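Examination of the molecular architecture
Here are the chains, one letter per residue:
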Protein chains: 4
Amino acid sequence: MKDFLEELVKQYRPSAGEGKLADYIPELSAQDPTTLGISVRTCDGEIYSAGNCPERFTMQSISKVITLILALMDQGEKAVFERVGMEPTGDPFNSIYKLEQAPGKPLNPMINAGALVVSSLIKGSTVEERLGRILSLVQRMAENPNIGLDYAVYYSERATGFRNRSMAYFLKEFGMIEDVEATLELYFQQCSIAISCDDLAQMGLCLARLGENDAGEQVIPRELARLVKTFMVTCGMYNASGEFAILAGIPAKSGVSGGILASVPERMGIGVFGPALDEKGNSVGGVRLLKGLSRELNLSIF
Amino acid sequence: MKDFLEELVKQYRPSAGEGKLADYIPELSAQDPTTLGISVRTCDGEIYSAGNCPERFTMQSISKVITLILALMDQGEKAVFERVGMEPTGDPFNSIYKLEQAPGKPLNPMINAGALVVSSLIKGSTVEERLGRILSLVQRMAENPNIGLDYAVYYSERATGFRNRSMAYFLKEFGMIEDVEATLELYFQQCSIAISCDDLAQMGLCLARLGENDAGEQVIPRELARLVKTFMVTCGMYNASGEFAILAGIPAKSGVSGGILASVPERMGIGVFGPALDEKGNSVGGVRLLKGLSRELNLSIF
Amino acid sequence: MKDFLEELVKQYRPSAGEGKLADYIPELSAQDPTTLGISVRTCDGEIYSAGNCPERFTMQSISKVITLILALMDQGEKAVFERVGMEPTGDPFNSIYKLEQAPGKPLNPMINAGALVVSSLIKGSTVEERLGRILSLVQRMAENPNIGLDYAVYYSERATGFRNRSMAYFLKEFGMIEDVEATLELYFQQCSIAISCDDLAQMGLCLARLGENDAGEQVIPRELARLVKTFMVTCGMYNASGEFAILAGIPAKSGVSGGILASVPERMGIGVFGPALDEKGNSVGGVRLLKGLSRELNLSIF
Amino acid sequence: MKDFLEELVKQYRPSAGEGKLADYIPELSAQDPTTLGISVRTCDGEIYSAGNCPERFTMQSISKVITLILALMDQGEKAVFERVGMEPTGDPFNSIYKLEQAPGKPLNPMINAGALVVSSLIKGSTVEERLGRILSLVQRMAENPNIGLDYAVYYSERATGFRNRSMAYFLKEFGMIEDVEATLELYFQQCSIAISCDDLAQMGLCLARLGENDAGEQVIPRELARLVKTFMVTCGMYNASGEFAILAGIPAKSGVSGGILASVPERMGIGVFGPALDEKGNSVGGVRLLKGLSRELNLSIF
């Protein structure tokens, strides 16, 4: 399996040349674009990794999965889905257009507008407390108590995130967010949580086992573990989710750092990293690697 | 199981009162809105039905699944997906807006614009021959050689389908369709194929068994059976597909006649009918029935 | 004045190099892009021309001014403006997007959708009779009984006008047009009326004199002559109308053939021709020439 | 004339019942909706007023005319129109959609997005200095040195202007605005400048005389006085500008306070006030009054 993974990485690494590094967050543009790595953890307890993964990179949009789980645990499905929809969209992740058409309720929790609303629903009396609760959930899913923020990325995002700030004030206008600045603060922080491919694989495994971690702890309610995997299939890869569902068929969530969290129900968790992105914001090499792996190991859920 | 199904039908029938009959095709508006029925065929060979299903009703958008399969068999994935995308959309099924933004290539084959392109790709030297090939595929999937057109509905659709005609000429402008009038003819005919709930259940079973019918014939290539089920999950229930994936988790395709084709991989095929529609075009009672059934029998693929 | 005009033409002819010939109507793409000419007829009876104008070219969108006048004479303001709006739009002339947002009522009569609705309102029991009435109005405004159709352009437009056909069926869906094919026939014919720069100047003069022609005949009611000049200012130059109002300040209507009809109230009518178009569909040289002329002679109405 | 104006006011006052008070700025919602008043100052030195005008009300969007003039005086046409367009739009004044389609450059200076860009271009080392320069221009146009801010309205707008804040950050994302918070501060202040109907009439007179005030001072360059009147015709009445041009034909700019500044070239300046607004944001009674006045006195420029 290890050799097989190394072979796949070798095969798909050159495709990174077709992508480019994220440039809108300065910290993300200073990486080696040909980096490509993968970690796998199976329900049978096997652990594999291949390629070259950096020690840590930021979660970015992958954090939307975590905050959705936490908001649902905090507020319940009814309260959350009154403020954010369940529908995939053909629009880019940072589009504001649909918000204007049907005022205020973002189409789903995996686009930025929806994720901002979701973050505003996480309980805690201060931003610090709310971040602490997010970090705690990530740590328990990944079974790694050392996960924390990458402050350089956080400061960088906070200083340049004008479009997210625009979006948040737009949502405020329609009463979908209470405290805009606190929500933005939390959002920039959750995006800056630093993890490794191993962490992602372990988190994917937790979802694959319906929310149970290695220690047998039910970290996430079974029903919610299923629910977020559904969102990962329909909206997890931005507006390339449909194609990814067809060609890979694995619940997955990508971030503009180049990381991807994937979870094959009852089989395995997968973490992938490759910083060169396609025009929709997904890791070029990472997507190819997952499609190849799914085809070879017959991982599609369909 | 039969009693269980009757119980479910009884439970969800009143919800039909929240919907209304399709009025844009005159033939569809003359039905009893409280009709609700279901047929189930399992991989173990069991057959159940409950409620009151009409003897036949038209496929409408359910036919998009069939023509997609046939176009893929005729032209291959590459040729088909050069002309139609794989992405779900938050827009209504008959929206023309996105076409104008990214000229000519419809977002997916389950919206009208995409289905028109798909129909234009089906092989045959005449409209009759092409319709014959569609009918033949439906008959083999349903294992019912008597399936044919409902001509009253067909004439009615042809006489009033201005928006589809508009869409087809728009696609012609961008070279995505060759012969507009022949394509529209075929499209109105495929929508008017008359089937029963039993037929739908048998078709769903064929997809659930990766394209094999009762006689052991591989009616559809295994890979394509999987592919269309993926589209059914991401785009099968119009712009309520995301919610249906969360709450039911079953590959399904609805039509404005009130029918729904559903397929639970390796378990069963389901046909549902209830003509009162919600504002997105899905059967109100049918959707509730499938969500309830999925919850009770734990049918979600996620 | 003649020398002055020749000087202006010489000055602005090179700008044609920045534009390109219309290619969507085959007949329009076979012209010399550096052609540029102008005719002027003043309220004092003076007649000037300069540059090289072809003997005849087709009216294209300039005909929208004529059909608007005729529809208003036929049906009255109330009936016409129930079906078409009065607002300029930032969208391109052939956009269908806004129609979908606010179903069916085109924003104004100078975009294609609005012009189709207007054409459908012209009285006459046959297309021939309706075209005859349009031609008669053009002939009386231009005081040239020999104006007729360019049939080669007409056949060409009819064979390739898929987008207009799409638009017309979209309008039919919302009940804004009765007989789609008859309306399209008339529309393609009105666009193919062949005129010269002199004809345009004479027509502009008629509008400048509030609808009176040389013979003292009140060809157009005074109120309507004023009304169409207002539309020419707010929407006459497609989605460059605002800039043209600022920089020239003259009521004008352009067509993709490269012609422009302009009318300076109580002063003069102007006809311009230059087939190289900018990206919004206006004659590059023609627009420059009119801006220069307005600046030199202080023609702005503002 | 005085009697004639009183008659008109009496005639159109009841129409106010069809509108409603602006509710998005709390300070604006506490007025008598049946208030309707008008002031007229002619180039011949005559002064009239009728109806009941409040002593002062805020400029709101009327201030967009003033800041456009000042920005053009400060930066020149080239620099200003590189950042804001000249085209009218069929979209509402607070729409963000078009910004997303053609990133960053607002369609014109009379919609909020464009006005924010314009305000950011006004010279001055502090917000106070820049506001001082705006106030000074208003005072010289109105020949009233006592014009100042209504601080209650200003604080109210600043506290609730989420949509404008959203818009400003969106523009920042595309580099169209430098200092977002300073720009917003200035924008909320300019909207809160308090004037009377007499002030508006005097300002309209200044524009009617091509920028010259009573004292013979050339307050505004002649060319700019003409330019802003053109914008007032094409975009001054939000997305009802086209209809107002047809039915009144007078350069005018409205604000959501219910005021309207109007200027008839070489004839008169007009100030109108009526706080009940139609759905597009224009004073219901004010618009009717101006249309009636234009028809009676033949004021249309077309």
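Keep in mind it's a predicted model, so treat the numbers as computed, not measured. (Residues numbered from 1 in each chain as written. Chains lettered and ligands numbered in written order. Predicted model: local features only at pLDDT ≥ 70, side-chain atom pairs only at ≥ 80, totals over all residues. Heavy atoms only, no water.)

1. Focus on the UniProt feature "binding site: substrate" (unreviewed entry) in chain A
All names here are of chain A.
- With numbering matched to this structure, UniProt assigns "binding site: substrate" (unreviewed entry) to Ser61, Asn112, Glu157, Asn164, Tyr187, Tyr238 and Val256.
- Note that Glu157 resides in helix H6 (residues 151-160).
- The exposure class assigned to Glu157 is buried, which follows from its relative accessible area of 6%.
- Following the sequence through the fold, Tyr187 ends up in helix H8 (residues 180-191). (UniProt positions renumbered as here; feature names shortened; annotations may be inferred. Helix = DSSP H or I, 4+ residues; strand = E, 2+ residues; numbered from the N terminus. Buried < 20%, exposed > 50% of the residue type's maximum accessible area, 1.4 Å probe, protein only.)

2. What to know about the pairing of strand S8 (residues 268-273) of chain C
Residues and elements named next belong to chain C.
- Burial runs high along S8: six of the six residues are buried.
- Side chains Met268, Ile270 and Val272 project from S8 onto one buried face, and the interleaved Gly269, Gly271 and Phe273 project onto a second face that is buried too.
- Here six bridges tie strand S1 (residues 37-42) to S8, and the two strands are oriented antiparallel to one another. When the bridges of S8 are listed, Arg41 appears paired with Gly269.
- With six bridges joining them, strand S7 (residues 259-264) and S8 adopt antiparallel strand pairing. Across the sheet, the residue bridging to Gly259 is Phe273, located in S8.
- Counted between consecutive antiparallel strands, the loop separating S7 from S8 contains three residues, among which Glu266 sits at a positive phi close to 60 degrees. (Pairing = 2+ DSSP bridges.)

3. Quick notes on the packing of helix H1 (residues 2-12) of chain D against helix H12 (residues 284-297) of chain D
Residues and elements named next belong to chain D.
- For the pair H1 and H12, the least separation of the axes is 9 Å and the interaxial angle reads 135 degrees. Compared by their axis directions, H1 and H12 come out oblique. The handedness of the crossing between H1 and H12 is right-handed. Along the contact surface, H1 presents Phe4, Leu5, Leu8, Val9 and Tyr12, while H12 presents Gly285, Arg288, Leu289, Gly292, Leu293, Arg295, Glu296 and Leu297.
- Its residues placed into classes, the contact of H1 with H12 shows eight nonpolar, two polar and three charged. (Axes fitted to C-alpha atoms, helices over the stretch in contact; angles between N-to-C directions. Parallel < 35°, antiparallel > 145°, perpendicular 65-115°, else oblique. Left-handed = near helix turned anticlockwise from the far one by under 90°. Contact = heavy atoms within 4.5 Å. Nonpolar A, V, L, I, M, F, W, Y, C, P; charged D, E, K, R; others polar.)

4. Details of the interface of chain A and chain B
- Between chain A and chain B, the contact holds 28 residues from the first and 28 residues from the second.
- Area buried by chain A at its contact with chain B is led by Glu87, Ile246 and Phe302 of chain A, which between them contribute 27% of it.
- Counting across the chain A and chain B interface gives zero salt bridges.
- Its residues assigned to classes, the side of chain A that touches chain B shows twelve nonpolar, nine polar and seven charged. (Buried area = accessible area lost by both parts, 1.4 Å probe. Salt bridge = Lys/Arg side-chain N within 4 Å of Asp/Glu carboxyl O.)

5. Description of the relation of the copies chain A and chain B
- The two copies are related by a screw operation: chain A maps onto chain B through 180 degrees of rotation and 0.0 Å of translation along the axis, at an RMSD of 0.0 Å. Such values leave the two copies arranged in the relation of a two-fold axis. Residues of chain A ranked by C-alpha distance from the rotation axis are headed by Thr89 of chain A, positioned 2.2 Å from it. (Least-squares fit on C-alpha atoms with pLDDT ≥ 70 in both.)

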